[in-house]
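# Structure assessment
These are the residues of each chain, in order.
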Amino acid sequence: MLISTEEGKPLYEKLGFRRVDVVHKFLCENFIHNPFDCLAKFTLEHFQADDFQKVRELDAAAFGDQRSIFLRNRIKQSKQCMVVKNKYNENVGFGLSIQGSMNLIIGPIVAPDHKIAVTLVNALAFNHRGHLRIDVPSSHPNFMKFLNQCGFVKVNEPPIMLENSAIMPSRNQELYGIAAQVFG
């Protein structure tokens, strides 16, 4: 599986890859904080080392594959890593922000619904001075509406391509923002 550029798509097709979906690339120059009030049932906390096992499990179910080493490294690189916990103190979501050369990259975002995903984006983008970027799977139109309300603009829809399969891996629809196009 890979996320291609339009320019690279013909090459990947020659190699046997097929377009199965797209990812929606959003950029933002001026973030407008637009909170949902959903923290009555949940708490938002900074990641602690003992959160890792549950974050890994949530990521595997949302992404469709295990990527423990990648997650450990990405968390170390992060500007922020936030976790969402329910009233039983169980981790039900998480989000990261990574400072890139041009943008603060938001993702992955894993959440049980778009309101929790919104809460994570608000927390990760709050008080950031500079450009933001998030790449969103197609299955979240309400989340994409929220991004537009916060100043994000969709700039591209790069194709998701698979080799030896015509369907995406099994996912639970809780992946609201991918880590980055290069990583998925």
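Here's what I pulled together on the structure shown here. (Residues numbered from 1 in each chain as written. Predicted model: local features only at pLDDT ≥ 70, side-chain atom pairs only at ≥ 80, totals over all residues. Heavy atoms only, no water.)

### Things to note about the pattern of salt bridges
Under the definition given, this model contains 6 salt bridges. A salt bridge links Lys85 to Asp51, with the nearest nitrogen and oxygen atoms 3.0 Å apart. Pair noted here: Lys85 is in strand E4 (residues 80–86) and Asp51 is in the loop between strand E3 (42–46) and helix H2 (52–63), with a separation of 34 residues, a long-range link. For Lys85, a relative accessible area of 9% corresponds to the buried category. Residue Asp51 is classed as buried on the basis of its relative accessible area, which comes to 5%. Note that Arg67 and Asp59 form a salt bridge whose closest N and O atoms lie 2.7 Å from each other. Pair check on accessibility: Arg67 and Asp59 agree, each one buried. The network of salt bridges with common partners includes Glu45, Asp51 and Lys85. (Salt bridge = Lys/Arg side-chain N within 4 Å of Asp/Glu carboxyl O. Helix = DSSP H or I, 4+ residues; strand = E, 2+ residues; numbered from the N terminus. Buried < 20%, exposed > 50% of the residue type's maximum accessible area, 1.4 Å probe, protein only.)

### Quick notes on H2
Helix length check: H2, at 12 residues, gives a terminal C-alpha distance of 16 Å against a target of 16 Å (1.5 Å per residue), a fit within 8%. Along H2, the residues that are buried comprise Phe52, Val55, Arg56, Leu58, Asp59, Ala60, Ala62 and Phe63. Residues of H2 that are buried sit in contact with helix H3 (68–77), E4, strand E5 (91–99), strand E6 (104–110) and strand E10 (175–177). Of the residues trailing H2, Gly64 is marked for its positive phi of about 95°. (Expected span 1.5 Å × (residues − 1). Contact = heavy atoms within 4.5 Å.)

### Observations regarding the packing of helix H4 (residues 114–125) against helix H5 (residues 141–149)
For the pair H4 and H5, interaxial distance at closest approach is 9 Å and the crossing angle is 30°. Judged by the sense of rotation from one axis to the other, the crossing of H4 with H5 is right-handed. Contacts between H4 and H5 involve His114, Ala117, Val118, Val121 and Asn122 from the first element and Asn142, Phe143, Phe146 and Leu147 from the second. Looking at the contact of H4 with H5 residue by residue, the class counts come to 6 nonpolar, 3 polar and no charged. (Axes fitted to C-alpha atoms, helices over the stretch in contact; angles between N-to-C directions. Left-handed = near helix turned anticlockwise from the far one by under 90°. Nonpolar A, V, L, I, M, F, W, Y, C, P; charged D, E, K, R; others polar.)

### Describing the layout of surface pockets
Vacant regions in the atomic arrangement are exposed by a probe of water-molecule size rolled over the atoms. Considered as a void within the structure, the largest pocket measures approximately 250 Å³ in volume. Taken together, 20 residues form the lining of the largest pocket, with Asp21, Pro137, Ser139, Met168 and Arg171 sitting closest to its centre. When contributions to the lining of the largest pocket are tallied by element, the ones reaching two or more residues are strand E2 (17–28) and H2. Of the residues assigned to the lining of the largest pocket, the class counts are 12 nonpolar, 5 polar and 3 charged. (1 Å grid on protein atoms, 1.4 Å probe; cavity = no way out; pocket = protein on both sides within 12 Å on 5 of 7 lines; lining within 4 Å. Points joined across faces, edges and corners; volume = space filled by probe spheres on them.)

### Section: the side chain of Gln80
Along the polypeptide, Gln80 turns up in strand E4. Non-local contacts of Gln80, meaning those with residues more than four positions away in its chain, are made with His46, Gly95, Leu96, Ser97, Ala123 and Leu124.

### Regarding the packing of aromatic side chains
Evaluation of the coordinates by the stated rule reveals 4 aromatic pairs. A ring pair is formed by Tyr12 and Phe17, whose centres lie 5.6 Å apart and whose planes are at 75°; its orientation type is edge-to-face. We classify Tyr12 as partly exposed; its relative accessible area is 28%. Of the residues examined, Phe17 reaches a relative accessible area of 14% and is grouped as buried. Taking 5.4 Å as the distance between ring centres and 75° as the angle between the ring planes, the aromatic pair formed by Phe143 and Tyr176 counts as edge-to-face. Of this pair, Phe143 sits in helix H5 while Tyr176 sits in strand E10, placing them 33 residues apart in sequence. We note that Phe143, like Tyr176, is buried. Pairwise contacts between aromatic rings join Phe143, Phe146 and Tyr176 into one cluster. (Phe/Tyr/Trp six-rings, centres within 6.5 Å; stacked < 30°, edge-to-face > 60°.)

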